[in-house]
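Now for the letters of each chain:
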Amino acid sequence: MKIVRVNSETLGSKIAFSIIREATEKGAVTLGLATGSTPLKLYKEMRESSVDFSGMTALNLDEYVGLPVGSDQSYAEFMKANLFATKPFKETFIPDGRAADLEAECVAYDKLIDEHPIDVQILGIGTNGHIGFNEPGSSFVAGTSVVNLTESTIEANKRFFASASDVPTQAVSMGIASIVKAKKIILIAFGEGKADAVRKMLYGEVTEDMPASILQRHPDVTVILDDESDILI
Ligand code: GLP
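For every chain, the first residue of the written sequence is number 1, and numbering continues from 1 along that sequence. pLDDT decides what is reported in this predicted model: residues at 70 or higher carry local features, side-chain atom pairs at 80 or more are listed and counted, and totals for whole chains, interfaces and linings draw on all residues regardless. Based on all heavy atoms of the structure, the side-chain values leave hydrogens and waters out of the count.

Colleague: Break down the pairing of strand 3 (residues 57–60) for me, with residues and values.
Modeller: Between buried and exposed lies partly exposed: a residue is buried under 20% and exposed over 50% of the maximum accessible area for its type, with that area taken using a 1.4 Å probe on protein chains only. Think of it this way: any DSSP run of H or I at least four residues long counts as a helix, any run of E at least two long counts as a strand, and we number them from the N terminus. The two faces of strand 3 match: Thr-57 and Leu-59 on one face and Ala-58 and Asn-60 on the other face are all buried. Pairing between two strands requires that DSSP report at least two bridges joining them. Here strand 2 (residues 30–33) runs beside strand 3; their pairing, made up of four bridges, is parallel. Across the sheet, Gly-32 pairs through a bridge with Leu-59, a residue of strand 3.

This is the structure:
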C-alpha cells in the first residue's frame, strides 16, 4: 500500500482529488464513493473543480436501512447535498435502504457493480476498521448485504442524528469482495480516533476481524493519513 502523509485534511483531500483527476484523464469512468465526515473536503474539491463528471457513473458504498425518503441523514441526501447537486454525474447509484425486499436489493446492487466496474473507490475507515459498513467479522468474500451495525458504529454516527436511538441499526453495504474489485482504491483517514484502526489495517494480520486489513492484498491502494491518524508520526 502506498502511504501519503499530510499535515492537514485540506492537503490530504487535494491529493485524493488529484488522484481521481489523473485517473479520469486516463479514462476512468466509474467512481465508488463514500460518505461520512472524511470525504467532505474531497467533495468540496470536486465541486469547486472544473472537472466535468457528467459522463461518469458513481456508485455509493452503503445506505442506512429504513430512513424516510428525503431524510437528511440518509446517504442519498448526503451525496446530493455534498456533490451531486453541484456536479451532476451521468448516473448515480446508492443502495435502497427502504426496499421492501432487501435481499433482492443486495442482489440487484451486485449486478449494478458488475455492470459498472469501479475504476477508483474512495474509502473512509471506521474506528473499528470497518469499510463501507462491513463491520468486524464480515466475510471477505461477501457481496452486498444487509449488515447489523455495531454499538461503536452507532455511537460514532449518532452525531448526525438527534440521539443514538435514532440511528438505524442496520444498513445495506457493498461487500468487501466488491470493494476490492475496484481497480484503484484511495482510503482516507483523519484524526487520532482512527490511529488504532490505521495501524492494524497497515501492519496487522489480514483478518476478517479487521475488515480494512484486506487492503494489504490489493495491488493499488493509496492511504492518505493526517498527523493525528498516523500512528508512526
Ligand atoms: C461510516 C460509513 C463509512 C465511513 C466511516 C467513517 O459509518 N459507513 O463509509 O467511512 O463510517 O466515517 P467518518 O468519515 O465520519 O469518520
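Now that the structure has been shown, the text picks up again.
Colleague: Which residues make up the sheet that holds strand 1 (residues 2–6), and what values go with them?
Modeller: The pairing of strands in a sheet comes from backbone hydrogen bonds and takes either a parallel or an antiparallel form. Reading across the sheet, the seven strands line up as 1-10-9-6-2-3-5 and stay open at both edges, with parallel pairing between neighbours. The open sheet has two free edges, formed respectively by strand 1 and strand 5 (91–93), since each of these has just one partner strand. Neighbour-to-neighbour, the strand axes of the sheet open up by a mean angle of 15 degrees, direction not taken into account. In this sheet, strand 9 (residues 184–189) lies alongside strand 6 (residues 120–123) in parallel orientation, the contact comprising four bridges. If you follow Val-120 over to strand 9, its bridge partner there is Lys-184. What makes two residues a contact is simply this: any of their non-hydrogen atoms within 4.5 Å. As a rule, the C-alpha atoms of each element are fitted with a line to give its axis, helices using only the stretch in contact, and angles between N-to-C directions run from 0 to 180 degrees. Of the strands in this sheet, strand 1, strand 9 and strand 10 (221–226) are in contact with helix 7 (residues 195–203), which crosses strand 10 at around 150 degrees.

Colleague: Quick rundown of the pattern of salt bridges? Include the residues and the values.
Modeller: For this analysis, a salt bridge means a side-chain nitrogen from Lys or Arg found within 4 Å of a carboxyl oxygen belonging to Asp or Glu. This model, assessed by the stated rule, comprises 12 salt bridges. Notably, a salt bridge pairs Glu-48 with Lys-44, separated by 3.4 Å at the nearest N-O pair. Here Glu-48 pairs with Lys-44, and both are found in helix 2 (residues 40–48), just four residues apart, close to one helical turn. For Lys-44, a relative accessible area of 39% corresponds to the partly exposed category. A salt bridge links Asp-196 to Lys-200, with the nearest nitrogen and oxygen atoms 2.9 Å apart. Highlighted residues: Asp-196 and Lys-200, both in helix 7, separated by four residues, approximately one helical turn. Three or more residues joined by partner-sharing salt bridges are found here, namely Asp-196, Arg-199 and Lys-200.

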